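These are the residues of each chain, in order.
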Protein chains: 4
Amino acid sequence: MAGNRIGTLFTVTTFGESHGIALGAIVDGVPPGLALTEADLQGDLDRRRPGSSRYTTARREADQVKILSGVFEGKTTGTSIGLLIENQDQRSKDYSDIAELFRPGHADYTYHHKYGHRDYRGGGRSSARETAMRVAAGAIAKKYLAQVCGVEIRACVSQLGPVVASQYDWKQVEQNPFFFPDASQLEALDEYMRALKKAGDSVGAKVRVVATGLPVGLGEPVFDRLDADLAHSLMGINAAKAVSIGDGFDVVTQKGSEHRDELYPDGFASNHAGGVLGGISSGQPLQAEVAFKPTSSIMVPGQSINVRGEPVEMVTRGRHDPCVGIRAVPIVEAMVAITLMDHLLRHRAQCGDVQVDTPTLSMREG
Amino acid sequence: MAGNRIGTLFTVTTFGESHGIALGAIVDGVPPGLALTEADLQGDLDRRRPGSSRYTTARREADQVKILSGVFEGKTTGTSIGLLIENQDQRSKDYSDIAELFRPGHADYTYHHKYGHRDYRGGGRSSARETAMRVAAGAIAKKYLAQVCGVEIRACVSQLGPVVASQYDWKQVEQNPFFFPDASQLEALDEYMRALKKAGDSVGAKVRVVATGLPVGLGEPVFDRLDADLAHSLMGINAAKAVSIGDGFDVVTQKGSEHRDELYPDGFASNHAGGVLGGISSGQPLQAEVAFKPTSSIMVPGQSINVRGEPVEMVTRGRHDPCVGIRAVPIVEAMVAITLMDHLLRHRAQCGDVQVDTPTLSMREG
Amino acid sequence: MAGNRIGTLFTVTTFGESHGIALGAIVDGVPPGLALTEADLQGDLDRRRPGSSRYTTARREADQVKILSGVFEGKTTGTSIGLLIENQDQRSKDYSDIAELFRPGHADYTYHHKYGHRDYRGGGRSSARETAMRVAAGAIAKKYLAQVCGVEIRACVSQLGPVVASQYDWKQVEQNPFFFPDASQLEALDEYMRALKKAGDSVGAKVRVVATGLPVGLGEPVFDRLDADLAHSLMGINAAKAVSIGDGFDVVTQKGSEHRDELYPDGFASNHAGGVLGGISSGQPLQAEVAFKPTSSIMVPGQSINVRGEPVEMVTRGRHDPCVGIRAVPIVEAMVAITLMDHLLRHRAQCGDVQVDTPTLSMREG
Amino acid sequence: MAGNRIGTLFTVTTFGESHGIALGAIVDGVPPGLALTEADLQGDLDRRRPGSSRYTTARREADQVKILSGVFEGKTTGTSIGLLIENQDQRSKDYSDIAELFRPGHADYTYHHKYGHRDYRGGGRSSARETAMRVAAGAIAKKYLAQVCGVEIRACVSQLGPVVASQYDWKQVEQNPFFFPDASQLEALDEYMRALKKAGDSVGAKVRVVATGLPVGLGEPVFDRLDADLAHSLMGINAAKAVSIGDGFDVVTQKGSEHRDELYPDGFASNHAGGVLGGISSGQPLQAEVAFKPTSSIMVPGQSINVRGEPVEMVTRGRHDPCVGIRAVPIVEAMVAITLMDHLLRHRAQCGDVQVDTPTLSMREG
């Protein structure tokens, strides 16, 4: 309950610092009999991995995950699954320059005041490096959801600074280093990023995620609504500042007659709700967006103070992403998968198996 | 774990349907020795109460809360506090018209498919009526936070449909029926709402909440960040579709050099972060916004289906708010209070008492 | 998490003091569609009720339970069930004699030091009066378990002071005021109790509980074994001092060749294990025993101190059970039902429905 | 929530099978600033280690624990602590003889029916090998409790088969391979164990644990009483069949006048309660006992069935403890430490720091 676990029935508990020996997770609640190998996890880890393009940090990590338990003869046993990634790129550099500094926009200041004692190397536990474990655990959830219900979860960068995607081509997403769904703007994006990198600055981004194939009924009333739990899991990603479901903040100016999704015998006429009604999945595609702030580690000098309260001017050196939103794409997918998986098990506990073969009312054609 | 409880150490568990006998809650984890009477809870309940103005539902409920346990000789004993509000306005009307219908935009469709068997009277458990209990429980948290740390939590409607607040006068908020902070626009607002009501339609709203006086250190790393838990508790309010912290979705186009809040010996120079760094409170004012969708119960006829999948045209009759965002104001405050209280206890468990007398770096003056 | 809740998926949260306004509970996680009325709960409440015989406290309470939510048209809806019992016999007596005393064997001393401020009237929250709510909640679990799996849970007093039951006639249990299964000793028991009451003293008791019809598979590995969770729920009953499963402490002197229950194609040859292997139900009858200490409230004068540390001699006056173990019988059944119900849901979440029609290996005949 | 985690605030989550790659744990909730090295954990691990005497299994495991995170510059940081022990003695033996068998007294039968798919090598997850991680995690709790409150936790074998300890010399406990506190019976014990081993049989044992230095106030009302949580954590140890607090089952025949511990200005006159009143620690020594069944893996042939329901005669070969109760001693201490640590944090959350310097009423002298 010190924050390193998520989930009620499908639980993911993690450990590990940016520059520590290893990262690890215990994934509990996985149903028995699921075929699972390390390769199932490695795919998404590779998508998240640093150093995979010139637009992400130059830190080199193979991020090779090992399954230490819970799988026997290629199938899950229903017992807890231990995962481990050993850190390789632990440069024995000198951290004395940041040991006593509070980098603006980082967790240095708050960790210092909360705990007194902190691992300052690369941000320690507050580094986004821990998200590798979320991606590994999310891959297990993804596989189960796909196999049992046919759920498919896909995310992309829908906006990067001023560049907005105007079309969503999911195939395109995996073919460019920005996870961007609009091929027509890739050139502009590339140019923007080059200029940004040259200026030593960073920028924010918006990530869009869509899950299809959901059964009706996932989510609990009142506090643990599916959208509330998604908001929790998505806002819990490093650098996230906002989460929206369906039409999100656009609902503020919508009329009721405009927003409500009418129903017809062959399905819903629209999906302003984003796939959730009363906190419970409606069978329509689940749609959400997350805003990621710009990386705080930039070359542009900034004012700060040290642990003694003295003013210092600081410039971040080293390897950093100019836009953390890019690498957040597989993390967003993972968090959605973890949340859906948890709610699938919760639903099953109280209401029995979801009926996946029953045709559910989805988005109306045409 | 069927969704009717929130919190880890300060927990609120609720029950009750819109047209049932009573609403109730059990509030657990309240420290002993807090002076508490029913009057402490009634104030916020009255602010939330239906029928308090012509812009909210005409349903009449006194919402008189009773404290059934956990308080002795005017002070909390540290044991669980039972709260009860008896429903008064249970009209013995005929519900046969909606018993078999799925009202668009409501939880009828999803509850029907999740549970099979549902209380359709007024939305049953999915009605916003249950939020009365959140407000009552939140008032306990508010009082404790104010007393122990000097925390003050205030919310207002920052936008209602097209009408945007351009100034924040907190005194004004409690003086108009819209909880609107900008007196200069009250006339425009009144006019807009009259027209809306005449048209039988509804509209969305944005609620802004600010908490001041927070100590540094509330929030846990990784999954249970303060902002993630706030996102959970705020997105869990009926009709909420988006939650943002600090600059929210605006961060998407911000540069790192622009977003990061620089530190000076006398405080932070800005508060783009909204009071949270690395998921932990920084001592600056906590700032969040929530988008509420327009009420789905409107007079404008709409298409839907019944439980047998047959098409029906429907018009909602009865007593409904044209803008649910208005009455959400005290609920938003309550959810923030509940979340902060929980994190105060969590922090204390692991790190000891928060240091409230230590001057913390807050927003820099001038 | 301040101790007033039990369960993971089937959860029971309670409130209420001995001499407060009311006792209440919220029962969450009940599957939808279960036929349920107040009469289903009242039966066990009547068995537990004070004043039902001359061997239990003379306090008069109707213990009439009201279902306030979660049931619609006679069936559960899957949402939280609110339960309430109003206290009737709140004598406006003078408590000044015990307000500042620590009654030996009671929780006065520990509550005083833990909370500083406590409701001393009749023990407040520490009184066994709160168990009424456990019994009410347990009755819901009992009904579900019986209906879905055919589980039957029965408890009795197997020993009261020196009087040991030598035969188990379950029909007999409900026909005498001691819940004693051995008719041949009722006369001796009656005599023993008369003498005890005359002496103003009290005595301990042992309660035995058996659950039949359990499916194989309930319980989780490592920490949340079925027997571990039963130990938790049974040791959590007021006055409980020991819990055993199967042969219990007798295993200390058993040989492995003697203890292990051999398996044959037609079933287990014995049940030393008490129905649990590796923490998971084996399909054999679940067998447990609980030791209850003698009531601490007795007429025999005893030494104690007051809140100022001064010595006092004290005699408990008023209405008290000479043997709390007797009224513990329905409570033990309730706690077993609550624990089994929780594990049934937990099992279903991860492993799917239990196979109740599959013939499971049970105790071998003959 | 699939059983591999214990604790509410101080949580221990574990993974690992008997013959898997490694065992691991994540320990969360440890306060920051505690000096901690691997050596602090290794001591108790060595006490539990197999192969440490001729009376325990001949399996050789160094059980060398690695701390992978959560400790920086020799002190805990308040973030999650990852622990790892690599299995060394994974004999590549042929398991085909037990893959399809249900060994009597083992979890084979129940795991098979619960999960369908199981790791049968050495019992997989159901093997007591997982307790190594409990011991490692417990050592962290032990160190914190000792440092902050001066709590000392000691266990011993109080009875082994027919041999009962008649005196408790704690120094003696660490000087013989039986953790036996009574030197006068060591010879008899040695003789008994030799005969037992020769016969290829096993025997049960009783372990006694005492914790001194506890503050008043640990434990929560109603369900999470300190004794209830101890019962849960102790009954959750492999092979445990009964748990008692204080006088345990002896209370059944005690009178109230005999059992209640009287209070005097200088302390309690006795400790029949075992250090817990109303579920909350009284400051007296905490006393509990646990019964462990005899090892089911013995050389004596026994009847069983295989997964197809066919009868088989079986003899366990290989390396096994003739009395698992012996090696349970450090595990019992660990589980008590984990439970006390959790309750210390829970108490601090709601009621503030325990007052360790205030003289608490303990056992009266003389």
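Residues numbered from 1 in each chain as written. Chains lettered and ligands numbered in written order. Predicted model: local features only at pLDDT ≥ 70, side-chain atom pairs only at ≥ 80, totals over all residues. Heavy atoms only, no water.

- In the annotation of an unreviewed UniProt entry, chain A is listed under the name Chorismate synthase and assigned to Ferrimonas gelatinilytica.
- The record held by UniProt for chain A lists under Catalytic activity (unreviewed entry) the comment "5-O-(1-carboxyvinyl)-3-phosphoshikimate = chorismate + phosphate". (UniProt positions renumbered as here; feature names shortened; annotations may be inferred.)

**Remarks on the sheet that holds strand β8 (residues 152-160) of chain A**
Link 1 in the chain: The sheet built from 10 strands is open, its strands ordered β9(A)-β8(A)-β10(A)-β16(A)-β11(A)-β11(B)-β16(B)-β10(B)-β8(B)-β9(B) with antiparallel pairing. With partners counted over all chains shown, the strands left at the sheet margins are β9 (163-164) of chain A together with β9 (163-164) of chain B, one partner each.
Link 2 in the chain: Of the strand pairs in this sheet, strand β11 (residues 240-245) of chain A and strand β16 (residues 286-292) of chain A are connected by 5 bridges, and their pairing is antiparallel. What sits directly across from V243 of chain A, in β16 of chain A, is V290 of chain A.
Link 3 in the chain: Sitting on the sheet, helix α7 (residues 226-235) of chain B touches β11 of chain A together with β11 (240-245) and β16 (286-292) of chain B, and the angle it makes with β11 of chain B is about 155°.
Link 4 in the chain: Helix α9 (residues 324-351) of chain B rests against β8 (152-160), β10 (205-212) and β16 of chain B of the sheet, and its axis sits at about 145° to β8 of chain B. (Pairing = 2+ DSSP bridges. Helix = DSSP H or I, 4+ residues; strand = E, 2+ residues; numbered from the N terminus. Contact = heavy atoms within 4.5 Å. Axes fitted to C-alpha atoms, helices over the stretch in contact; angles between N-to-C directions.)

**As for the interface of chain B and chain A**
Interface size is commonly expressed as the accessible area that is lost once the parts come together.
Link 1 in the chain: Contact residues are listed per partner, giving 105 residues for chain B and 105 residues for chain A.
Link 2 in the chain: In total, about 8400 Å² of surface goes out of reach between chain B and chain A, with carbon and sulfur atoms giving 65% of it.
Link 3 in the chain: When the buried surface of chain B facing chain A is broken down by residue, K114, F223 and R260 of chain B rank first, second and third, together holding 10% of it.
Link 4 in the chain: Taken together, the links from chain B to chain A amount to 4 salt bridges.
Link 5 in the chain: The salt bridge involving K114 of chain A is made with E220 of chain B; its shortest N-O contact spans 3.8 Å.
Link 6 in the chain: At the surface where chain B touches chain A, the tally comes to 47 residue pairs in polar contact (both at pLDDT 80 or more).
Link 7 in the chain: Bridge count for β11 of chain A against β11 of chain B is 3 bridges, and the pairing is antiparallel. (Buried area = accessible area lost by both parts, 1.4 Å probe. Salt bridge = Lys/Arg side-chain N within 4 Å of Asp/Glu carboxyl O. Polar contact = N/O pair within 3.5 Å; in protein donor to acceptor, adjacent residues only side chain to side chain.)

**Here we look at the relation of the copies chain D and chain B**
Link 1 in the chain: For the pair chain D and chain B, the relating rotation is 180°, the translation along its axis is 0.0 Å, and the fit reaches an RMSD of 0.0 Å. Given the turn and translation reported, the copies of this chain are related as if by a two-fold rotation axis. Residue A349 of chain D of chain D places its C-alpha closer to the rotation axis than any other residue of that unit, at 2.1 Å. (Least-squares fit on C-alpha atoms with pLDDT ≥ 70 in both.)

**Some remarks on the interface of chain D and chain B**
Link 1 in the chain: Residue-level contacts link 15 residues of chain D with 15 residues of chain B.
Link 2 in the chain: Each partner contributes to the roughly 1100 Å² buried at the junction of chain D and chain B, and carbon and sulfur atoms together form 61% of this total.
Link 3 in the chain: When the area that chain D buries against chain B is broken down by residue, the three leading residues are R348, A349 and Q350 of chain D, summing to 47%.
Link 4 in the chain: In this assembly, chain D and chain B are joined by 6 residue pairs in polar contact (both at pLDDT 80 or more).

**Description of the UniProt feature "binding site: NADP(+)" (unreviewed entry) in chain A**
Residues and elements named next belong to chain A.
Link 1 in the chain: When the UniProt feature table is mapped onto this chain, "binding site: NADP(+)" (unreviewed entry) is found at R48 and R54.
Link 2 in the chain: A relative accessible area of 1% places R48 in the buried class.
Link 3 in the chain: Here D63 takes part through its side chain, which lies 3.3 Å from a polar atom of the side chain of R48. (Buried < 20%, exposed > 50% of the residue type's maximum accessible area, 1.4 Å probe, protein only.)

**Brief notes about the UniProt feature "binding site: FMN" (unreviewed entry) in chain A**
Link 1 in the chain: Residues annotated by UniProt as "binding site: FMN" (unreviewed entry) correspond here to R125, S126, S127, N238, A239, G278, K293, P294, T295, S296, S297 and R319 of chain A.
Link 2 in the chain: Secondary-structure assignment places N238 of chain A in the loop between α7 (226-235) and β11.
Link 3 in the chain: Classification of N238 of chain A by relative accessible area gives buried; the value is 12%.
Link 4 in the chain: In this structure, T295 of chain A sits in the loop between β16 and β17 (302-305).
Link 5 in the chain: Classification of T295 of chain A by relative accessible area gives buried; the value is 9%.
Link 6 in the chain: The contact partners of T295 of chain A, leaving out residues within four places of it in the chain, are S202, D321, P322, C323 and V324 of chain A together with G256 of chain B.

**Let's talk about the pairing of strand β17 (residues 302-305) of chain B**
All names here are of chain B.
Link 1 in the chain: For β17 and strand β18 (residues 311-314), the ladder comprises 4 bridges, and the chain directions are antiparallel. Paired with G302 across the two strands is M314, which belongs to β18.
Link 2 in the chain: Connecting β17 to the antiparallel partner β18 that follows it, the hairpin turn spans 5 residues, and G309 within it adopts a positive phi of roughly 85°.

**Here we look at the packing of aromatic side chains**
For any two aromatic rings, the description comes down to two numbers: the centre-to-centre distance and the angle of the planes.
Link 1 in the chain: Here the structure, examined in full by the defined rule, presents 18 aromatic pairs over all chains.
Link 2 in the chain: Look at F249 of chain A and F249 of chain B: their rings are 6.0 Å apart centre to centre, the planes differ by 85°, and that puts the pair in the edge-to-face class. Linking F249 of chain A in the loop between β11 and α8 (256-259) with F249 of chain B in the loop between β11 and α8 (256-259), this pair reaches from one chain into another.
Link 3 in the chain: On the basis of an interplanar angle of 85° and a centroid distance of 5.2 Å, the ring pair of F268 of chain C and Y109 of chain D is categorised as edge-to-face. Of the two residues, F268 of chain C is situated in strand β13 (residues 267-268) and Y109 of chain D in helix α3 (residues 108-115); the pairing between them involves two chains.
Link 4 in the chain: A relative accessible area of 2% means that Y109 of chain D is categorised as buried.
Link 5 in the chain: Members of the aromatic cluster, each reached through a chain of ring pairs, are F102 and Y109 of chain A together with F268 of chain B. (Phe/Tyr/Trp six-rings, centres within 6.5 Å; stacked < 30°, edge-to-face > 60°.)

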